[in-house]
Amino acid sequence: MGHKVVVFDISVVRALWETRVKRHKAWQRKEAERLEKSALGKIKEEWDFVAECRRKGIPQAQYCKNGFVDTSARLLDKMERGSLARQSLQAKDRARRSSPFVFELCGEHWKELPDSLKEQTHLQEWHISNTLIQVIPTYIELFQAMRILDLPKNQILHLPAEIGHLKSLRELNVSFNRLTSIPAALGDCAGLERLDCSGNLELTELPFELSNLKQVTFVDISANKFSSVPICVLRMSSLQWLDISSNNLSDLPQDIDRLEELQSFLLYKNELTYLPYALLNLKKLSLLVVSGDCLVEFPSALCDGSLPLKFVSLMDNPIAKPGHEDGDEIEESERDRQHFDKEFMKAYIEDLKERESVPSYTTKVSFSLQL
């Protein structure tokens, strides 16, 4: 039996493989195009970016806006700088707490200041919060090196006139206490730069003597009962930030443009029905926040984009408070609500600073739970 010999035409085999190679290359091109158009690459990029942010301890709220992740390198660099800045502030805060020139007190078990404090007249800062302290003693005048009086969320009923003897005072924060007046002697603290009297609920006026505070750049008198912008505030020629929200304002003074350095003006939750044209003369004004529920007339230039101004008109119709609470409970719940509103607006305004334009609308959702 003879051998069988199979004879191949090499050109046929070559043509077969060349055809297969061409088909494979065509498939590779189509696959590359598909992957390029696919969302998988974007998803992987976002996941890598999120992982990097988490590794560096950057909060999700900073890189996730309205459900979308911003993966730009510029944003990451900015967030890293912000994270480093926060770490630096935390380090400074720890150093401040250990400083022999700083006094700190916190906790509801404190009803009065310790007796030993009177002997520590070298102190430059007081940080007292969340206590039941009602009285600031008159011996505060002995602290001539005092620069910062940070006294939020206590039960302080009044400030002593001796506070006017603190010639080195730069910051005074008496927010969310129970003050009904501010001493006229505060006007003698000519170097004061920041004044926060927000959340006291019952303040109706500021003394005219505060007109002497020409170095003040920040004033917050929100969540009180002011029916007009205090005259002394209009005379604070260096003022850059004014928050008079959540009061009883029905109009603004026609000479509001005296505040030539004003940059941020918060007016929401008042009873304003119109805004004066004098606001257009505030050339440095970059942020104006009002409540639009009652507003019927305002200069069109405020919102037509012709000015470098972020004009925010809020619509806020709060749910009526239940009527079965007693007086103290109502006051405490109002204080808590005002504090929540302050924190909400603080976060909202910080977000606005990062935007190139103001959002067309913002919805704030509040929950009230009764047990």
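Whatever comes next refers back to the structure up there.
Note that the coordinates shown come from a computational prediction; the quantities given were computed from them, not determined experimentally.

**Observations regarding the overall build of the chain**
Here is step 1 of the chain: From N to C terminus, the chain includes 6 helices and 12 strands.
Here is step 2 of the chain: For the chain, the residues scored as buried account for 37% of the 371 residues in total.
Here is step 3 of the chain: Per element, the accessible surface of the chain, about 22500 Å² overall, is 54% carbon and sulfur.

**Description of the pattern of salt bridges**
Here is step 1 of the chain: Going through the model one piece at a time under the given rule, you end up with 3 salt bridges.
Here is step 2 of the chain: With its nearest N and O atoms 3.2 Å apart, the salt bridge here joins Glu 202 to Lys 225. Here the residue Glu 202 occupies a position in the loop between β7 (194–196) and β8 (218–220), and Lys 225 occupies one in the loop between β8 and α5 (231–234), the gap between them amounting to 23 residues.
Here is step 3 of the chain: Of the residues examined, Glu 202 reaches a relative accessible area of 37% and is grouped as partly exposed.
Here is step 4 of the chain: A salt bridge links Glu 261 to Lys 284, with the nearest nitrogen and oxygen atoms 2.7 Å apart. One end of the pair, Glu 261, is in the loop between β9 (241–243) and β10 (264–266); the other, Lys 284, is in the loop between β10 and β11 (287–291), with 23 residues separating them in the sequence.
Here is step 5 of the chain: Note on Lys 284: relative accessible area 43%, which makes it partly exposed.

**Examining the packing of aromatic side chains**
Here is step 1 of the chain: One pass over the structure, following the stated rule, counts 5 aromatic pairs.
Here is step 2 of the chain: Judged by centre distance (6.4 Å) and plane angle (35 degrees), the rings of Tyr 139 and Phe 143 are tilted.
Here is step 3 of the chain: By way of ring pairs, the aromatic residues Phe 103, Trp 126, Tyr 139 and Phe 143 are connected into one cluster.
Here is step 4 of the chain: Sitting over the face of the ring of Phe 218, Arg 194 holds its NZ or CZ atom 3.9 Å from the ring centroid.

**Things to note about the nonpolar core**
Here is step 1 of the chain: Of all hydrophobic cores here, the largest spans 64 residues; its most connected members are Trp 126, Leu 149, Leu 172, Phe 265, Leu 275 and Leu 288.
Here is step 2 of the chain: Going through the elements one at a time, β3 (102–106), β4 (125–129), α5 and β11 are the ones with two or more residues in this core.
Here is step 3 of the chain: If you tally residues by element for this core, the top one is α5, at 3 residues.
Here is step 4 of the chain: Once residues within four sequence positions are removed from consideration, Leu 288 is found in contact with Phe 265, Leu 267, Leu 275, Leu 279, Leu 302, Leu 309, Lys 310, Phe 311 and Val 312.
Here is step 5 of the chain: One finds Tyr 268, Leu 287, Val 312 and Met 345 within the second-largest nonpolar core, a separate group that totals 11 residues.

**Observations concerning the sheet that holds β4**
Here is step 1 of the chain: Taken in spatial order, the 10 strands line up as β3-β4-β5-β6-β7-β8-β9-β10-β11-β12 in an open sheet, and their pairing is parallel. Among the strands making up the open sheet, the edge pair consists of β3 and β12 (310–314). Geometrically, the sheet is characterised by an average inter-axis angle of 5 degrees between neighbouring strands, direction not taken into account.
Here is step 2 of the chain: Alignment of strand β6 (residues 171–173) against β7, held across 3 bridges, turns out to be parallel. Bridging from a neighbouring strand, Leu 172 pairs with Leu 195 of β7.

**A closer look at the environment of Phe 226**
Here is step 1 of the chain: As for its position among the elements, Phe 226 is in the loop between β8 and α5.
Here is step 2 of the chain: In this structure, Phe 226 is in contact with Leu 203, Thr 204, Glu 205, Leu 206, Ile 221, Ile 244, Asn 247, Asn 248 and Leu 249, ignoring residues within four places of it in sequence.

**Quick look at the pairing of β4**
Here is step 1 of the chain: Within β4, 5 of the 5 residues are buried, leaving the element largely enclosed by the surrounding structure.
Here is step 2 of the chain: With burial as the criterion, each face of β4 is covered, one bearing Glu 125, His 127 and Ser 129 and the other bearing Trp 126 and Ile 128.
Here is step 3 of the chain: With 5 bridges joining them, β3 and β4 adopt parallel strand pairing. The partner of Leu 105 across the bridge, within β4, is Ile 128.
Here is step 4 of the chain: As paired strands, β4 and strand β5 (residues 148–150) are joined by 3 bridges and run parallel to one another. Note that in β5 the partner of Glu 125 across the bridge is Ile 148.

Parameters at a glance
Residues numbered from 1 in each chain as written. Predicted model: local features only at pLDDT ≥ 70, side-chain atom pairs only at ≥ 80, totals over all residues. Heavy atoms only, no water. Helix = DSSP H or I, 4+ residues; strand = E, 2+ residues; numbered from the N terminus. Buried < 20%, exposed > 50% of the residue type's maximum accessible area, 1.4 Å probe, protein only. Areas by Shrake-Rupley, 256 points an atom, 1.4 Å probe, with all protein chains shown as cover. Salt bridge = Lys/Arg side-chain N within 4 Å of Asp/Glu carboxyl O. Phe/Tyr/Trp six-rings, centres within 6.5 Å; stacked < 30°, edge-to-face > 60°. Lys NZ or Arg CZ within 6 Å of the ring centre and 35° of its normal. Core = buried A, V, L, I, M, F, W, Y, C linked by side-chain atoms within 4.5 Å. Contact = heavy atoms within 4.5 Å. Pairing = 2+ DSSP bridges. Axes fitted to C-alpha atoms, helices over the stretch in contact; angles between N-to-C directions.

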